[in-house]
Amino acid sequence: MSAWSQSDLAACMDTLCPMHLILNEQGGIVHAGPTLHKLRHGMTLPGMDVLDLFDVIRPKLVTAPALLARQGEKLHLQFRAEPQTVLKGVLSQCGKLYLLNLSFGISVLESIRDYELTNADFAPTDMMIEMLYLIEAKSAAMEASRTLNQRLQGAKIAAEEQAFTDTLTGLKNRRAMDHVLSRLITADRPFALMHLDLDFFKAVNDTMGHAAGDHVLQHIAQIMVDEVREQDTVARVGGDEFVLIFQNVEGRETLARIAARLIEKMEKPIPFGGQDCTVSASIGIVLSADYDTPTAATLLNDADEALYASKRKGRACYSFY
């Protein structure tokens, strides 16, 4: 083959298969396509032995003649120098020369990133870049879908939380309390329930206004939250009525101490607008363990009776049913 025809072959291959090598009969590199030059930037490929450039992974070959004898077979090659990209290849003889056409295979994504390849680095008929664009578009669409689903889930959780929350105090509301009671009774887990009603709260609203009343309710709510554990529940079930549920608490002495602390803290003057708001609390207490088959309605009714027993005793105290 003349020098002109070899050059013409090289130019043709550069256009049709930019990721190729032209080898001589000894396995020396005569010409390398433009994409291979880009992959081995800074290296002079013509004049190198092909096995100085690559390790042959499959089939296991250690000599250039053995490699050249594998025409038409699928070859797995790996660059010796970093980055050690694995390539697929097929070899074909053309006169006294050998054409080794190469591709990335499954390593194409990493290769495009590592070598900053563009559409011009692939054969004109290679649809790889277009396929990658489609994959990226699909990935972007899936990510957008996941983000939207996460936002919807977050909005759903927020809506559910809002449905179970008293907006003024941030405590649980009656609906949440009903849910907690149902769960505890169904699970047959022991618990105690306190029904708490503020004393003298109407006087605060009447004399100082509803803003002062709201401030008092928020302050009282914080006192109860500070007193209970994380697994316990504090719910606002009426204007100035609250229910506290203590899981796995059965000791009357423990409950008595908690009730006494709550009353003591709530009786301290609450500053608002340069004045002091004064309230107290009456409490009724029931224990689920005192019932053979407790129901939410029975427990709440009996706690309410115990509460009004405290009211009749002069307020600012607690009573067990």
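Since the structure is predicted, the reported quantities are computational estimates derived from the model, not experimental observations. (Residues numbered from 1 in each chain as written. Predicted model: local features only at pLDDT ≥ 70, side-chain atom pairs only at ≥ 80, totals over all residues. Heavy atoms only, no water.)

Visitor: Residues and numbers for the sheet that holds strand 3 (residues 54–58), please.
Guide: What the six strands build is an open sheet, ordered 2-1-6-5-4-3; its pairing is antiparallel. At either margin of the open sheet sits one strand with a lone partner, and together these are strand 2 (29–32) and strand 3. The sheet shows a mean angle of 35° between the axes of neighbouring strands, taken without regard to direction. With four bridges connecting them, strand 1 (residues 20–23) and strand 6 (residues 97–103) associate as antiparallel partners. Across the sheet, L23 pairs through a bridge with Y98, a residue of strand 6. (Pairing = 2+ DSSP bridges. Helix = DSSP H or I, 4+ residues; strand = E, 2+ residues; numbered from the N terminus. Axes fitted to C-alpha atoms, helices over the stretch in contact; angles between N-to-C directions.)

Visitor: Which residues make up the pattern of salt bridges, and what values go with them?
Guide: Applying the stated criterion across every chain, the model contains 12 salt bridges. Between K38 and D121 there is a salt bridge whose closest N-O contact spans 2.8 Å. Here K38 is found in helix 2 (residues 34–39), whereas its partner D121 is found in the loop between helix 5 (108–115) and helix 6 (128–163), with 83 residues between them in sequence. Note that R70 is salt-bridged to E73, the shortest N-O span being 3.1 Å. When its relative accessible area of 28% is taken as the criterion, R70 is described as partly exposed. Owing to a relative accessible area of 33%, E73 belongs among the partly exposed residues under this scheme. (Salt bridge = Lys/Arg side-chain N within 4 Å of Asp/Glu carboxyl O. Buried < 20%, exposed > 50% of the residue type's maximum accessible area, 1.4 Å probe, protein only.)

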